[in-house]
Amino acid sequence: MVSFSEAQVLAWIAPWLWPFFRVLGLFTSAPVLSMKAIPRRVRLSLALLIVMAAQPSLPQMPGIGMNSAETLMVIAQQLLIGVTLGFAARVVFAAVEFAGELIGLHMGLNFAAFFDPVSGGQITAVSRFYGTAAAWLFVVMNGHLLLTGAVLHSFTVFPVAPEPLGFLRVIQPQAWGAELFKMGLWIALPVMAMLSLVNLVMGLVSRVAPQMNVFSIGFPITLGVGFTGLWLTLPMMQTPLTIALERMMGYF
């Protein structure tokens, strides 16, 4: 009769169980990968496939009894690290959408709002366009592979331990709000500079020729310059998006 001890079963399950929860936490919050269009079975299958492929390269997992109180703490740690890593990538996408909000505000297009099924709220046209472009760039430049590599490398930086909130002292996620505004302003700065120059010129024209109705010609000129700036800067969006993603993933 073949029998197995608890230590043997634990030694077989531990190398698969803890990475599975961490990767699954990433898939519940990461951009694109957490879309409602992706079925849950697909996410579970992808998480299991990633763990199976990367298991030989992962560090040694600690042996923690399945019936101990530490098990729940370790599961909570894995889920929190995965969710936080996906949230870090979402901060980059939020910065891109914030850049669209700033550009739309200067163009005068913020009155054109749409319902965003992802966030469940209203989003402006330029912000929606920037968010969609960022999602396409994320897939094209293998951003999903970058997230996968980050979550696997996080086992070296944040090893499995019964301390769910211990990693927060290192990455300091409460400071990511400032990163959001800095990255958003950095992305929107070229188009905002063009629009600010146009507004300055229109102000000078209104002073030189008061009989000219600046409000009637200013709006189409601002729209034209704004669309031109979007057309010129959109091919260069991959560089700041890649730098921002690598910077946020560097915490892990």
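Residues numbered from 1 in each chain as written. Predicted model: local features only at pLDDT ≥ 70, side-chain atom pairs only at ≥ 80, totals over all residues. Heavy atoms only, no water.

Engineer: Got a minute to help me understand the packing of helix α7 (residues 176–208) against helix α9 (residues 238–249) in this structure?
Structural biologist: The axes of two packed helices give the description: the angle between them and the distance between them. One can describe the packing of α7 onto α9 by two numbers: an axis separation of 11 Å at closest approach and a directional angle of 165°. Between α7 and α9, the interaxial angle falls into the category roughly antiparallel. Between α7 and α9 lies a crossing whose hand is right-handed. Contacts from Trp176, Glu179, Lys182, Met183, Trp186 and Ile187 in α7 reach Pro240, Ile243, Ala244, Arg247 and Met248 in α9. (Axes fitted to C-alpha atoms, helices over the stretch in contact; angles between N-to-C directions. Helix = DSSP H or I, 4+ residues; strand = E, 2+ residues; numbered from the N terminus. Parallel < 35°, antiparallel > 145°, perpendicular 65-115°, else oblique. Left-handed = near helix turned anticlockwise from the far one by under 90°. Contact = heavy atoms within 4.5 Å.)

Engineer: Whenever I open this one, the packing of aromatic side chains confuses me. Can you help?
Structural biologist: In this description, a pair of aromatic rings is defined by centroid distance and the angle of the planes. Considering all chains together, one arrives at four aromatic pairs under this definition. Ring centres of phenylalanine 20 and phenylalanine 21 lie 6.1 Å apart, and the angle between their planes is 65°; this geometry places the pair in the edge-to-face category. The residues phenylalanine 20 and phenylalanine 21 share a single accessibility class, namely buried. Geometrically, the ring pair formed by phenylalanine 93 and phenylalanine 138 is edge-to-face, given 5.6 Å between the ring centres and 75° between the ring planes. Residue phenylalanine 93 is found in helix α3 (residues 69–107), and its partner phenylalanine 138 is found in helix α4 (residues 125–140); the two are separated by 45 residues along the sequence. With a relative accessible area of 9%, phenylalanine 93 lands in the buried category. We classify phenylalanine 138 as buried; its relative accessible area is 1%. Positioned above the aromatic ring of phenylalanine 155, the side-chain terminus of arginine 22 is 3.9 Å from the ring centre. (Phe/Tyr/Trp six-rings, centres within 6.5 Å; stacked < 30°, edge-to-face > 60°. Buried < 20%, exposed > 50% of the residue type's maximum accessible area, 1.4 Å probe, protein only. Lys NZ or Arg CZ within 6 Å of the ring centre and 35° of its normal.)

Engineer: Could you clarify how one ought to interpret the confidence of the model for the protein in this entry?
Structural biologist: Low pLDDT marks regions whose predicted coordinates should not be analysed in detail. Of all residues in the protein, 82% have pLDDT values of 70 or greater, and the mean over the chain is 77. The element-level mean pLDDT for the protein is lowest in strand β1 (residues 113–116), coming to 60, with α4 highest at 83. (pLDDT = per-residue confidence, 0-100.)

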